[in-house]
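Next come the chains, spelled out residue by residue.
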Amino acid sequence: MKVSVIGTGYVGLISGVGYASQGHDVICVDVLEEKVAKINAGEPPIHEAGLPERLRQVLDKGNFKATTDITDAIENSDICFISVGTPSAADGSIDLKYIEQASKDLGTALKNKDSYFTIVVKSTVTPGTTEGTVIKNVEAASGKKAGQDFGVCMNPEFLREGKAIEDFDNPDRIVIGRLDEKSSEALKALNKAFTCPVLETPLSTAEMIKYVSNAFLAVKISYANEVAEFCKKIGADPYEVFKGVGMDKRINPAFFNSGLGWGGSCFPKDTKEFAAAAKREGANPRIVDAAIETNKILPSKIVELAGDVSGKTVAVLGLAFKAGTDDVRESQAVEVIKLLNEKGAKIQAYDPEASEVEGLEREETMEKALEGAEICLVLTEWPEFENIPFSGKIIDGRNIVENRENYEGLFW
Ligand code: UDX
């Protein structure tokens with residue numbers, strides 16, 4: 001099929017390259033010329049396992065390209081994904097400016113298109129946005145009627161950073177929120193290579209499924225962290241506790257790993273918007289609110305354990321919000337560093353991939369970060385931190401170090 005994708009961030013690029021690798025013709029659109037040039041030269045603008053190889057493969061095959069020209073992309077496709085960013089505004093609610101702009105641009109480009117066209121919202125948007133913002137803007141800019149001249153679906157993504165290609169290739173389910181049947185048939189045809197269950201719903205249900213999934217996973221982590229705090233007080237091992245708990249098929253063992261908690265570009269943003277949106281509607285999201293609070297205090301817990309750090313050299317191992325990525329967005333490590341700075345510590349930080357945190361120089365190696373340090377904090381679960389060549393005090397915030405005898409865990 002002929003596919004276009006607006007927005008070449010994480011989700012747009014992985015999906016675009018993924019569909020191209022299945023044999024579809026894909027055009028990715030972005031407003032940033034530099035990014036487009038890089039993608040066309042085979043250089044992914046993000047760090048993601050397997051992406052450089054897959055991008056090279058589809059570029060060589062010739063059925064994938066990136067462009068800044070949205071009109072060209074719409075003219076040469078029958079189905080278009082909107083996968084632009086939906087950042088948090090200052091008050092924690094979602095900022096829809098890129099969604100608004102993309103739907104206006106798409107509508108304008110659609111004006112001269114004679115054939116039926118399918119629009120798929122892939123970005124994570126508050127329930128009601130596809131109907132209230134996307135359809136409204138596309139109709140106004142194109143002069144066409146949704147459900148008649150063009151169809152609309154909402155198709156949330158569930159890609160984890162660092163495992164995005166694996167997740168694209170092996171989805172647990174495909175959720176298709178739909179305005180009309182013709183567009184969901186087109187989206188199902190595009191996804192025919194996948195064997196997982198497909199759930200068709202109204203548009204706002206699909207939007208809701210994405211938020212509720214991420215909020216529930218965040219709640220699981222915060223629950224594990226609350227339990228872990230209790231466990232430490234009585235000398236029980238929380239990881240063994242959750243091993244036993246997770247053996248119950250009704251519960252499942254995933255996302256019970258206690259430690260410094262969640263960060264990244266999705267959980268913080270999605271939980272905040274879920275709670276804010278629920279409140280705007282007069283509902284009371286007590287559980288998600290509590291999960292957010294529990295997550296917020298974790299950085300101060302590890303700093304408390306470190307004791308008096310004033311004037312001391314502290315080795316910080318790990319900056320990324322999780323292992324397998326260079327992403328430091330909303331990383332708990334960044335919060336820990338802020339607190340250490342406030343307490344007057346001298347920080348020597350190392351991360352195998354993560355880009356620099358503002359105002360902080362990254363050491364070249366783990367050994368350099370440890371040189372002359374009095375204490376070491378492990379903030380990201382990179383495998384190379386399993387064995388740390390250090391004789392001082394180590395506090396493990398991610399349950400990664402192998403030899404527990406010499407270390408202290410945040411929760412053991
Ligand atoms: C998440 C969702 O998993 C994905 O489906 C969604 O579409 C995007 O958001 P991602 O942000 O890449 O993906 O990270 P994920 O692997 O889910 O981890 C999120 C955070 O939770 C990380 O900071 C991780 O360290 C933390 N985490 C995860 C825990 O603290 N404990 C766990 O048991 C699992």
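Parameters at a glance
Residues numbered from 1 in each chain as written. Predicted model: local features only at pLDDT ≥ 70, side-chain atom pairs only at ≥ 80, totals over all residues. Heavy atoms only, no water. Salt bridge = Lys/Arg side-chain N within 4 Å of Asp/Glu carboxyl O. Buried < 20%, exposed > 50% of the residue type's maximum accessible area, 1.4 Å probe, protein only. Helix = DSSP H or I, 4+ residues; strand = E, 2+ residues; numbered from the N terminus. Pairing = 2+ DSSP bridges. Right-handed = clockwise from strand over helix to strand, strands pointing away. Domains from an automatic or database assignment. Contact = heavy atoms within 4.5 Å. Buried area = accessible area lost by both parts, 1.4 Å probe. Polar contact = N/O pair within 3.5 Å; in protein donor to acceptor, adjacent residues only side chain to side chain. Nonpolar A, V, L, I, M, F, W, Y, C, P; charged D, E, K, R; others polar.

Q: Looking at this structure, how should I read the pattern of salt bridges?
A: Oppositely charged side chains can pair when the atoms bearing their charge come close. Evaluated as defined, the whole model comprises 25 salt bridges. Salt-bridge contacts for D72 lead to K65; the nearest nitrogen and oxygen are separated by 3.3 Å. Taking the shortest distance from any N to any O, the salt bridge between K269 and D270 comes out at 3.7 Å. Assessed through its relative accessible area of 15%, K269 is described here as buried. Via salt bridges that share partners, R178, E185, K188 and E200 belong to a single interconnected network.

Q: Help me understand the pairing of strand β6 (residues 150-154), please; the structure alone is not making it clear to me.
A: Successive residues of a regular strand alternate their side chains across the two faces of the sheet. Burial analysis of β6 places five of its five residues in the buried class, the great majority of the element. Going residue by residue along β6, you find F150, V152 and M154 tucked away on one face and G151 and C153 tucked away on the opposite face as well. Pairing of strand β5 (residues 117-121) with β6, which is carried by five bridges, proceeds in the parallel orientation. The residue bridging I119 from the neighbouring strand is V152, located in β6. On the question of chirality, the crossover connecting β5 to the parallel β6 by way of helix α6 (residues 129-142) is right-handed.

Q: Just to check I follow, could you spell out the domain arrangement of the protein for this structure?
A: Per the domain assignment, the segments of the protein are domain 1 (2-201) and domain 2 (235-409). Taken together, the 12 residues of domain 1 in the interface contact 15 residues of domain 2. Across the interface of domain 1 and domain 2, roughly 1100 Å² is buried in total on both sides, 47% from carbon and sulfur atoms. On the surface where domain 1 and domain 2 come into contact, there are one salt bridge. R329 is the partner of E161 in a salt bridge, and the nearest nitrogen-oxygen pair spans 3.7 Å. Put simply, domain 1 and domain 2 have six residue pairs in polar contact (both at pLDDT 80 or more) between them. Residues of the side of domain 1 that touches domain 2, tallied by class, amount to two nonpolar, eight polar and two charged.

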